[in-house]
Amino acid sequence: MAAADSWVVLGRVAGLWGVRGGLKIWSDTQPRAAICRYRPLFLGRDGQWREVVPVLGREQGKGIVMQFDGVEDRDAAAALIGCEIAIRREQLPAPAPGEYYWTDLVGLHVETLDGIELGHVDHLFETGSNDVIVVRGERERLIPFLRGSVIQDIDLEAGRMRVDWDPDF
């Protein structure tokens, strides 16, 4: 069993597909189908992980479907709904300089250029035009992830992100 911070969640089991153990997958990878390329994969719930062997993984319409070895019918598949799908951190390639995995940004303390604490990065999401960080502190703030104009500095070792942002906004 690896430490909790050594897991990177790539998606989750969202539903059933077919009657032979197929699963609908919500993928957080880009592109969405990239989740199918990782080996090994791990299924988890409440911090308990087990290795699974995908025997099918592909795009189906606007989603992803997968099937795992040993999951042969709809009942066995139904027991997996809600499980997270993860890999070990060392399975990811190192990001290029100045690039970050979203999972590395979650939890960073966010402060303005004047040192005013805004909270911490709770999560990120895409909007189509730019990514957005959700900062939770005394209130929730949505801050565009625009390097150079809004996001001024990211220091993973210090656990800090500095932003050019009005604290009253």
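See the structure printed just above.
Residues numbered from 1 in each chain as written. Predicted model: local features only at pLDDT ≥ 70, side-chain atom pairs only at ≥ 80, totals over all residues. Heavy atoms only, no water.

(A) Just the pairing of strand 1 (residues 7-17), in detail. Note that strand 1 and strand 7 (residues 84-88) share 5 bridges and pair antiparallel. Paired with Val 9 across the strands is Ala 86, a residue of strand 7. Sheet topology places strand 1 next to strand 2 (residues 22-27); 6 bridges connect them, and they run antiparallel. Bridge pairing in strand 2 places Arg 12 opposite Trp 26. Here strand 1 folds back onto strand 2, and the loop between the two strands holds 4 residues, one of which, Gly 18, carries a positive phi near 80°. (Pairing = 2+ DSSP bridges. Helix = DSSP H or I, 4+ residues; strand = E, 2+ residues; numbered from the N terminus.)

(B) Representation of the nonpolar core in the model. One finds Ile 25, Leu 43 and Phe 68 to be the most contacted residues of the largest nonpolar core, which totals 20 residues. Among the elements of the structure, strand 1, strand 2, strand 3 (41-45), strand 6 (63-68) and strand 7 are those that each provide at least two residues to this core. Setting aside chain neighbours within four positions, we find Phe 68 in contact with Leu 23, Leu 41, Leu 43, Val 52, Val 53, Pro 54 and Val 55. Formed by 16 residues, the second largest nonpolar core is a distinct cluster that contains Leu 108, Leu 118, Leu 124 and Ile 154. (Core = buried A, V, L, I, M, F, W, Y, C linked by side-chain atoms within 4.5 Å. Buried < 20%, exposed > 50% of the residue type's maximum accessible area, 1.4 Å probe, protein only. Contact = heavy atoms within 4.5 Å.)

(C) How the structure looks around the sheet that holds strand 2. Pairing is antiparallel across the open sheet formed by 7 strands, whose spatial order is 4-3-7-1-2-6-5. Of all strands in the sheet, those bounded by a partner on one side alone are strand 4 (48-52) and strand 5 (54-60). Taken pair by pair, the neighbouring strands of this sheet meet at an average axis angle of 35°, ignoring direction. Inspection of the sheet shows strand 3 paired to strand 7 by 3 bridges, in the antiparallel sense. For Phe 42, the partnering residue across the bridge sits in strand 7 and is Ala 86. (Axes fitted to C-alpha atoms, helices over the stretch in contact; angles between N-to-C directions.)

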